Number of protein chains: 2
Amino acid sequence: MEYQFSNRVSNLKPSAIREIFKYASDPEVISLSAGNPSPEAFPTEAVAEISAEILKTDPISVLQYSVSEGYTPLRQHIAEYMKKEHNTGSSSDDVLITTGAQQIMDLCSKALVNEGEVVICEAPSFIGSLNTFRSYNAKLVGVTVEPDGMSISELESALKANPNAKLIYTIPNFQNPSGVTMSLEKRRRVYELAKKYGALILEDNPYGDLRYSGENVPNIKSFDEDGIVIYAGSMSKVIAPGLRVAYCICPKPVFQKLVVCKQGNDVHTNIWSQYVCDEFITKYNFNNHLENLRKLYRKKAEFCMGLLDKYCAPAITYHRIDGGLFIWCELPEGVDMPEFCKKAVLNKVCVVPGNAFLTDENQTSRSFRINFTTPTDEQLEKGIKILGRLAADLG
Amino acid sequence: MEYQFSNRVSNLKPSAIREIFKYASDPEVISLSAGNPSPEAFPTEAVAEISAEILKTDPISVLQYSVSEGYTPLRQHIAEYMKKEHNTGSSSDDVLITTGAQQIMDLCSKALVNEGEVVICEAPSFIGSLNTFRSYNAKLVGVTVEPDGMSISELESALKANPNAKLIYTIPNFQNPSGVTMSLEKRRRVYELAKKYGALILEDNPYGDLRYSGENVPNIKSFDEDGIVIYAGSMSKVIAPGLRVAYCICPKPVFQKLVVCKQGNDVHTNIWSQYVCDEFITKYNFNNHLENLRKLYRKKAEFCMGLLDKYCAPAITYHRIDGGLFIWCELPEGVDMPEFCKKAVLNKVCVVPGNAFLTDENQTSRSFRINFTTPTDEQLEKGIKILGRLAADLG
């Protein structure tokens, strides 16, 4: 049987990361390739306690069908929390609960981007989102990520050159994969340019609460007076990803279309998970939990950067990070990066090759991404030592 | 701000059922409009027990990221169970776990149907699926549902007239909304025609285990020797819909594309739910649970049909059902059905107007759908009595 797949997906490949993730399930392989939270980060006791209680007192409420918009108390509490803590969201906005933030990319693509229309993305950017845009036959246009965020001149050129640009997709905090945080000045410029050229901003902020040093920079959504910013937040990195709970704060007319799309996508998000998240953020001192997470990850980030300095300098360079889960490493000029990553795998260390994050994967890259939250300290030391040895061999 | 939505969704309306569902949340309204299982049907103690155990012994396994294909033991157990009990699936197939069966419709549309290509649907059919196909700009072609399943002559005409028909979407058992079960002879004919004209069959079977009378008819997938049938099964009606766990049994090349699409859709399905389903079907005498479900629903179905006979005949007619959750009622010729449904709502009874289930909602219909599993017996009696009174007023 010759299957005829749609032109949306005939060239779509499995996410390099998800594929590597499978490879990395070999217990002998040290995986620096995932984007997983540390197992120590999960509030397991609270989840067990909340679950036991609701399954005892009102099981039907978490087992029956529910509404597509999401569990009402959770939507309200997120709206209040994000307003109070991050000045994010207004009375013109509404909150949609989604099955992970990945679904926000899917729903926004479906609702807003016709086939052939443009999504402007940071280059590099999160491969999962890029693949979602591709799966709707959107045309991706990449804008270089500089040390203070996307290049504003390139963004303006891209908007000028593509009057059919519908979305500007950005991860302003501790960007995946580059680790870069966009400056306040650039956030304002991105907002102004989006407004000027009639594009919407899709602000993806899964790591915003995981800042280990420096000052918080306001969300782009916090200066959205024109209803042009769609904000994507997630519980995956701050509670647990297995729950698949995320939230989208967006202008009401956009919200209404996203709800219709969600009905056709998965009807509603797992209601037990929504309930667990709601109880956890309202009754378990969420800010204290976040502070503990930051403490845990700050230590691991410092440890990882120390290992890179010790074992990999000067062959491998990297930008020091202020938060998030990833460090973006660069090999010397002239080095065959994919070959290096392959060698690493053969030596039982998994990293993600940098070209996987480009809007055009066939472009070359000297970079690769490592994660420091999933491996243990022992695994980190062993893995980075091996990378250092391989890098030294390059010279 | 004037938002420009994609041409996929600009005409897409919220599902009439989901909208009525909200309306029906008024506690004074008797809802015969949902498709919800009875609260008595949920294995709540087992879910609580399984959850407590896994959250105590290995919480990380259900809280961390997982693979897009689904929880491996669940996939294996479903493959074994469906092969053994229903001769469904073969070594050429694989099993994908999805976030409800709705997601199967979404993934299949994305992977297989280009914009403007045709999906052949039963008329009437499940509105959720129709809206999903619409959200990919598929063209819907309806084939009349006869008392023994879709019209074969209309199907062949539709396939001849639409060489770009990619999918034939059917709910062969206790069809939603008509309640009709397709005969074995017609199943074979549908299969042959799909093969002859190069279309794939999307066999949606959420109610197959809920047969209250008569003999099981083999799934179309059970005679799939050519790799042309995609089978959609669900835990929503046999365990609990809030879990959002369904499964797709399909040829491996299709499976691989659906996995890529799922990565971009929601990464993976809630892993706690998958684990709960796996434990429940393997360790809790699943067949006994199904027998109890059938007993519960058989009684409610008989009760409901008795009420229709008692209070609504002869003005309202209906086909007796052998299973499933719905009864399809018909008003006398010349009656304004939407007006009747509106009157019902004003009298605090919600039913779903039949035109909502048509490929072209602007066509007229004399039918409406009622559900008997969600309301209590008292609510059923009260609601159907009101419908009978309104129907009598018609004359």
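Residues numbered from 1 in each chain as written. Chains lettered and ligands numbered in written order. Predicted model: local features only at pLDDT ≥ 70, side-chain atom pairs only at ≥ 80, totals over all residues. Heavy atoms only, no water.

A. Just the pattern of salt bridges, in detail. All told, the structure shown has 38 salt bridges over all chains when counted by the stated rule. Note that B:Glu115 is salt-bridged to B:Arg8, the shortest N-O span being 3.4 Å. Of this pair, B:Glu115 sits in the loop between helix 5 (102–112) and strand 3 (118–123) while B:Arg8 sits in the segment before helix 1 (16–23), and the two are 107 residues apart along the sequence. Take B:Arg8: its relative accessible area is 3%, and that puts it in the buried class. Linking B:Lys221 and B:Asp224 is a salt bridge whose minimum nitrogen-to-oxygen distance equals 2.9 Å. In terms of burial, B:Lys221 and B:Asp224 fall into one category: buried. Beyond isolated ion pairs, a larger network of salt bridges with shared partners links A:Asp93, A:Lys221 and A:Asp224. (Salt bridge = Lys/Arg side-chain N within 4 Å of Asp/Glu carboxyl O. Helix = DSSP H or I, 4+ residues; strand = E, 2+ residues; numbered from the N terminus. Buried < 20%, exposed > 50% of the residue type's maximum accessible area, 1.4 Å probe, protein only.)

B. The arrangement of the packing of aromatic side chains in detail. According to the stated counting rule, one finds 24 aromatic pairs over all chains in the structure shown. On the numbers, 5.8 Å between centres and 85° between planes, the contact of B:Tyr191 with B:Phe223 is edge-to-face. Taken as a pair, B:Tyr191 in helix 8 (residues 184–197) and B:Phe223 in the loop between strand 7 (200–204) and strand 8 (229–234) lie far apart in primary sequence, 32 residues in all. Note on B:Tyr191: relative accessible area 7%, which makes it buried. One aromatic cluster in this structure is built from A:Tyr81, A:Phe280, A:Tyr284 and A:Phe286. Sitting over the face of the ring of B:Phe5, A:Lys257 holds its NZ or CZ atom 5.8 Å from the ring centroid. (Phe/Tyr/Trp six-rings, centres within 6.5 Å; stacked < 30°, edge-to-face > 60°. Lys NZ or Arg CZ within 6 Å of the ring centre and 35° of its normal.)

C. Broad picture of the sheet that holds strand 13 (residues 352–353) of chain B. Residue and element names in this part refer to chain B. Sheet architecture is open: 4 strands sit in the order 10-11-14-13, paired in antiparallel fashion. Every other strand in the sheet has two partners, leaving strand 10 (317–318) and strand 13 as the edge strands with one partner each. Judged from the 2 bridges that link them, strand 10 and strand 11 (residues 326–330) form a sheet pairing that is antiparallel. Residue pairing across strands places Thr317 opposite Glu330, the latter belonging to strand 11. Of the strands in this sheet, strand 10, strand 11 and strand 14 (367–371) touch helix 11 (residues 286–312), which is tilted by about 15° from strand 11. (Pairing = 2+ DSSP bridges. Contact = heavy atoms within 4.5 Å. Axes fitted to C-alpha atoms, helices over the stretch in contact; angles between N-to-C directions.)

D. Structural view of the interface of chain A and chain B. Across the boundary between the two partners, chain A contributes 80 residues, which contact 80 residues of chain B. Both faces combined, the contact of chain A with chain B buries some 6700 Å², and carbon together with sulfur accounts for 58% of it. If you look at where chain A meets chain B, you find 2 salt bridges. The partner of A:Asp106 in a salt bridge is B:Lys110, and the shortest N-O contact between them spans 2.8 Å. Between chain A and chain B we count 51 residue pairs in polar contact (both at pLDDT 80 or more) in total. Listed by contribution, the elements that provide at least two residues to the side of chain A that touches chain B are helix 1 (16–23), helix 2 (44–57), helix 3 (59–63), helix 5 (102–112), helix 9 (252–266) and helix 10 (271–283) of chain A. Here the side of chain A that touches chain B gets 9 residues from one element, more than from any other, and that element is helix 9 of chain A. Within the side of chain A that touches chain B, the residues separate by chemical class into 36 nonpolar, 29 polar and 15 charged. (Buried area = accessible area lost by both parts, 1.4 Å probe. Polar contact = N/O pair within 3.5 Å; in protein donor to acceptor, adjacent residues only side chain to side chain. Nonpolar A, V, L, I, M, F, W, Y, C, P; charged D, E, K, R; others polar.)

E. Structural detail: the nonpolar core. Judged by nonpolar contacts, the single largest core of 256 residues is most densely connected at A:Ile370, A:Leu387, B:Ile370 and B:Leu387. Tallying contributions element by element places helix 11 of chain B first for this core, with 11 residues. Among all residues touching A:Leu387, those that are not within four sequence positions of it are A:Leu32, A:Cys312, A:Ile316, A:Phe340, A:Ala344, A:Val349, A:Val351, A:Phe368 and A:Ile370. (Core = buried A, V, L, I, M, F, W, Y, C linked by side-chain atoms within 4.5 Å.)

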